[in-house]
Amino acid sequence: MVSHKEFETAGKAPGLQIWRIENMDLKPVPKNLYGNFYTGDAYLLLYTTTAPSYYIHMWMGNECSQDESGAAAIFSTQLDDFLGGGPVQFREVQNNESLTFLGYFKSGIKYKQGGVASGFHHVLTNDVDVKRLLHIKGRRAIRATEVEMSWSSFNKGDCFIVDLGKEIYQWCGSDCNRFERLKASQLAIDIRDNERNGRAKLIMVEDGAEPDALTKVLGPKSSITPATPDDEEVETSNKKKAALYMISDASGSMKTSVVAQTSPFKQEMLSLDECYILDNGIDKNVFVWKGPNANTSERKASMKAAEQFIKEKNYSSKTQIQVLPAGGETTLFKQFFSNWKDKDQTTGPTKAYTIGKIAHVEQIPFDASSLHNNKAMAAQHNMVDDGSGKVQIWRVEGGDRVPVDPSTYGQFFGGDCYLILYSYKQGSREQHIIYTWQGLKSTQDELAASAFLTVQLDDSMGGAPVQVRVTQGQEPPHLMSLFKGKPMIIHSGGTSRKDGQTKTGSMRLFHIRQSSSRATRAVEVEPSASNLNTNDIFVLKSPDCVFVWKGAGASEEEMVAAKYVVSVLGGQSTDVAEGKEPAGFWSAVGGKKEYQTSPTLRNMVKPPRLFGCSNKTGRLVVEEVPGDFTQSDLATDDVMLLDTWDQIFLWIGKEANEVEKTESPKIAKDYVESDPSGRRGLPITTIKQGAEPPTFTGWFQAWDQHMWDTDPLERIRARNTLHVLF
């Protein structure tokens, strides 16, 4: 194994290590210059988690030479080898970096002109002779690019930093909004604290109030060009389609053969003895998955194979490459599989690979009694409290809401829509949630009426309630808890306009299953043996008898729920164990048929993802927040989308504009429906800034409810004694 002397410290401690390629060798970059990249160079980065697990990135500047990028690729492969072939490897290109990479530099990335070849070095100085102009772009991923020191480089829509060494001026265009100013300030502070060791003065300058010091370096101010819209087309759909190929080197030269033309794929398609390419080139992403038993030459050549593949397909040279070992799959890769299951281990590769995200805290077993003091559990199971508050339910009938008899609370018809108002105390304040429950068989008119009636109810309460739209079968655990431990029963049918309630069938089959948060549902299904499932319990009611069929994997709680369903349906029941069914049972259910007998793996914890929906550029753009997100990533002038895998939150900032407010629910819907893993019909919860329930705040470490009491921009200015020139 080839080992470089720099590898001796590689991966020894958690955190980031960065090297630059200098004269075909590795030279470490000083820590306080991390985030600065020369556009004429190539770099190698290693991120080590506490598990440990490893991420290797090779980064290429737009002007870097063939030789330098080649050397970076060789060092990347050697480092992967040195760390046992377990790291995830990324190829990064300037301006097209992966979210994982951007996440290491939360205050932004700075691109500097030049490189090793032209004599530029990463040197530690309190350099007072600096003269550079940085153009700041981006709201989530912040990039500062060095541009020509001239007024012609400026525009009214962006922020710029004029860095003169002892003084750092942040200039804001007149069309620049608060959140962009905030992000630019964070970058300016980063330059002062890290590159100047705190020895520089920060000055905020508004367009039209430029001091003499600026006109001295930039010359007399000429007219500033108007804001330019971003040229990048950003897709609102979650991700486009992908194709899956197997790599083989049987003949010594790499070949690829098609495994599946379009996603979603099945996890079983990946054999442990092979390497695969997942081609999402349309979104500038190509992934290589290395089976643990694939031959060594194939595993080592995987990055090269991906580069060759990109050339053959004529994809952009900016295409990102991720090389993934089995067990180290990234979220971006897993989303193309409809049934991806991670091993349920709290240490070891699968959990370790999602860096410190709250969702990957060990799965917390559900316990309603400890809800009030366990925010992370409240968020994982989406519970604001234990469901002991006040419940009112209405059914949508003929365009109106009609109260439901409280003795039947917990029973719903799949052909109807319902409004459920839940009121509870949080401290001294009364809080409200409106659940709009939509049956799978409800009509277009009823769906429209339920949405309208929800808004009407929300308005009548001053717009304070949290609104949650729920599709049948996707009920959040909190809604399930409102029925005081009884299962939720969903009958088929509903109110038809002409004849009132639909008639029940003579033969009825109810499927009973308990979810991971201990909530149980009983859903009426087609009375056929093919609907049985070895993990669950079924209640079969015919005109002359009632059977309770218990699958081998069913739980005691499901059995208790079944007895409750029998009490609602009426009659004496006979218990039937799977495999010991009497002939009478099979004839009642229409004869023996094949049914689901494989025990399901119910373990699909995915890291949460946060997206911003903004039309600040003139059209609605959705982009993901890189790295571990925090509360300060919620932009108060945007709508944010939080995806926690089994549900979606839309958070509406107080300064979001009308377009963002009206279009973002459509985006949330498109996001779910275009999901490559095939998720559909998830509940979408809309939350207003300042009225966040713990089910939302628990995804953020150390949520501060007073964060927005003062303006974040004023706070950052006050804290950093920024001088402001208007």
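No experiment lies behind these values; they were computed from the predicted model shown.

Calculation criteria
Here the residue numbering is sequential within each chain, running from 1 through the sequence in written order. With the structure being a predicted model, the display of local features is reserved for residues of pLDDT at least 70 and the display and counting of side-chain atom pairs for 80 or more, all residues being used for whole-chain, interface and lining totals. Water and hydrogen atoms play no part in the side-chain values, which are based on all heavy atoms of the structure. In this text, helices come from DSSP runs of H or I with a minimum length of four residues, and strands from runs of E with a minimum of two, each type numbered from the N-terminal end. Between buried and exposed lies partly exposed: a residue is buried under 20% and exposed over 50% of the maximum accessible area for its type, with that area taken using a 1.4 Å probe on protein chains only. In what follows, residue pairs with any heavy atoms lying within 4.5 Å of each other are defined as contacts. The Shrake-Rupley method, run with a 1.4 Å probe sphere, supplies the accessible areas, and residue values consider only the shown protein chains as cover. Strands are treated as partners if at least two bridges between them are detected by DSSP. To obtain each axis, a line is fitted to C-alpha atoms, and for helices this fit is confined to the stretch in contact; angles are then taken between N-to-C directions over 0 to 180 degrees. Note on terminology: a nonpolar core comprises buried Ala, Val, Leu, Ile, Met, Phe, Trp, Tyr and Cys residues joined through side-chain atoms within 4.5 Å. The working definition used for a salt bridge is a side-chain nitrogen of Lys or Arg within 4 Å of a carboxyl oxygen of Asp or Glu. To pair, rings of Phe, Tyr and Trp, with the six-membered ring standing in for Trp, must have centres within 6.5 Å; the planes then decide the type, stacked if under 30 degrees apart, edge-to-face if over 60, and tilted in the middle. Note on geometry: a ring has a charge over it if NZ (lysine) or CZ (arginine) is within 6 Å of the ring centre and within 35 degrees of the ring normal. Expected span, for any helix, means 1.5 Å times one less than how many residues it has. Note: the arc covers the axis-to-C-beta directions of the helix. Think of pLDDT as the predictor's per-residue confidence, scored from 0 to 100.

A. Fine view of the overall build of the chain. The helix and strand tally for the chain stands at 16 helices and 37 strands. In the chain, which comprises 726 residues, the share counted as buried stands at 55%. Taking the intrachain contacts of the chain between residues at least 6 apart in sequence as the baseline, contacts between residues at least 24 apart amount to 65%. If you sum the accessible surface of the chain, you get close to 31200 Å²; carbon and sulfur atoms cover 51% of it.

B. Up close: the sheet that holds strand β27 (residues 508-514). Read across the sheet, seven strands follow the order β20-β24-β28-β27-β29-β30-β31 without closing on themselves; strand pairing throughout is mixed. Each edge of the open sheet carries a strand with a single partner, namely β20 (411-413) and β31 (573-577). Averaged over all neighbouring strand pairs, the angle between strand axes comes to 20 degrees, with direction disregarded. The strands touched by helix α12 (residues 556-569) within the sheet are β20, β24 (488-491), β27, β28 (520-525), β29 (537-541), β30 (546-550) and β31, with β27 carrying the most contacts at an inclination of about 145 degrees.

C. Layout of the sheet that holds strand β2 (residues 25-28). Across the sheet, 10 strands lie side by side as β2-β1-β4-β5-β6-β17-β16-β15-β13-β14; this open sheet has mixed pairing. Strands at the two margins of the open sheet, each flanked by one partner only, are β2 and β14 (255-260). Strand-to-strand twist in this sheet, taken as the mean axis angle between neighbours without regard to direction, amounts to 25 degrees. Of the strand pairs in this sheet, strand β16 (residues 285-290) and strand β17 (residues 320-325) are connected by six bridges, and their pairing is parallel. Across the sheet, residue V288 finds its bridge partner in β17, namely V323. In the packing of helix α1 (residues 66-82) onto the sheet, contacts are made with β1 (15-22), β2, β4 (42-48), β5 (54-60), β6 (88-93) and β16, and the angle to β4 comes to roughly 20 degrees.

D. Layout of the nonpolar core. Among the nonpolar cores identified, the biggest contains 40 residues, and I420 and W437 are the most heavily contacted of them. No other element matches strand β21 (residues 417-426), which puts four residues into this core. In terms of nonpolar packing, the next biggest core, distinct from the first, is built from 36 residues, L16, W59, L332 and F333 among them.

E. Highlighting the environment of L421. Its place among the elements puts L421 in strand β21. With 46 residues separating them in the primary sequence, L421 and Q467 have C-alpha atoms 9.5 Å apart.

F. Representation of the pattern of salt bridges. Throughout the structure, instances matching the rule amount to 22 salt bridges. Between E97 and R143 there is a salt bridge, with the nearest N and O atoms lying 2.7 Å from each other. Of the two residues, E97 sits in the loop between β6 and α2 (99-102) while R143 sits in strand β9 (residues 143-147), which places them 46 residues apart along the sequence. Comparing E97 with R143, the two get one shared label, buried. Connected through salt bridges with shared partners, the residues R20, E22 and D41 form a single ionic network.

G. Here's a closer look at the packing of aromatic side chains. One pass over the full model with this rule turns up 32 aromatic pairs. Among the aromatic residues, those joined into a cluster by ring pairs are F37, Y43, Y47, W59, F101, Y104, F105 and Y111. The ring of W151 has K221 lying over it, and the distance from NZ or CZ to the ring centre is 5.9 Å. Cation over ring: R401 sits above W394, and NZ or CZ is 4.6 Å from the ring centre.

H. Molecular detail of α12. With 14 residues, α12 ought to run about 20 Å at 1.5 Å a step, and its terminal C-alpha atoms sit 20 Å apart, in line with that. Of all the residues in α12, the buried ones are E558, M559, A561, A562, V565, V566 and L569. All buried residues of α12 fall inside an arc of 160 degrees around its axis, so they share one side. Opposite its buried face, α12 presents the exposed residues E556, V560 and S567, each directed more than 90 degrees away. On the buried face of α12, the contacting elements are β24, β27, β28, β29, β30 and β31. Remark: G570 follows α12 within two positions and exhibits a positive phi of approximately 85 degrees.

I. Seen up close, the environment of I168. Locating I168 in the fold gives a position in strand β11 (residues 167-172). Owing to a relative accessible area of 1%, I168 belongs among the buried residues under this scheme. C-alpha separation for the pair I168 and K131, spaced 37 residues apart in sequence, amounts to 9.9 Å. Setting aside anything within four residues of it in sequence, one finds I168 in contact with I161, V162, D163, A188, I191, R192, R196, A200, K201, L202 and I203.

J. Summary view of the pairing of strand β13 (residues 243-248). Here β13 pairs with strand β15 (residues 275-280) via five bridges, running antiparallel. Directly across from I247, in β15, lies its bridge partner C275. Across five bridges, the pairing between β13 and β14 is antiparallel. Opposite I247, over in β14, you have T256 as the bridge partner.

K. Representation of the pairing of β29. With respect to burial, β29 is a largely interior element, four of its five residues being buried. Direction of pairing for β27 relative to β29: antiparallel, over a ladder of five bridges. If you follow H511 over to β29, its bridge partner there is F538. In this sheet, β30 lies alongside β29 in antiparallel orientation, the contact comprising five bridges. Following the sheet pairing, L540 is matched in β30 by F547. Adjacent in sequence and paired antiparallel, β29 and β30 are bridged by four residues.

L. Focus on the confidence of the model for the chain. Mean pLDDT for the chain: 80, with 83% of residues reaching 70 or above. Per-element mean pLDDT across the chain ranges from 26 in helix α8 (residues 349-352) up to 96 in β30. Here residues 344-373 is a poorly scored stretch, pLDDT under 50, and it has 77 contacts once near neighbours within four places are set aside; other chains count. pLDDT under 50 marks residues 598-605. Its contacts with residues more than four places away, or in other chains, come to 21 contacts.

M. The side chain of T520, seen in detail. Inspection of the secondary structure assignment puts T520 in strand β28. We classify T520 as buried; its relative accessible area is 10%. Contacts of T520, omitting those with residues within four sequence positions, involve M480, P487, M488, I512, R513, Q514 and A561.

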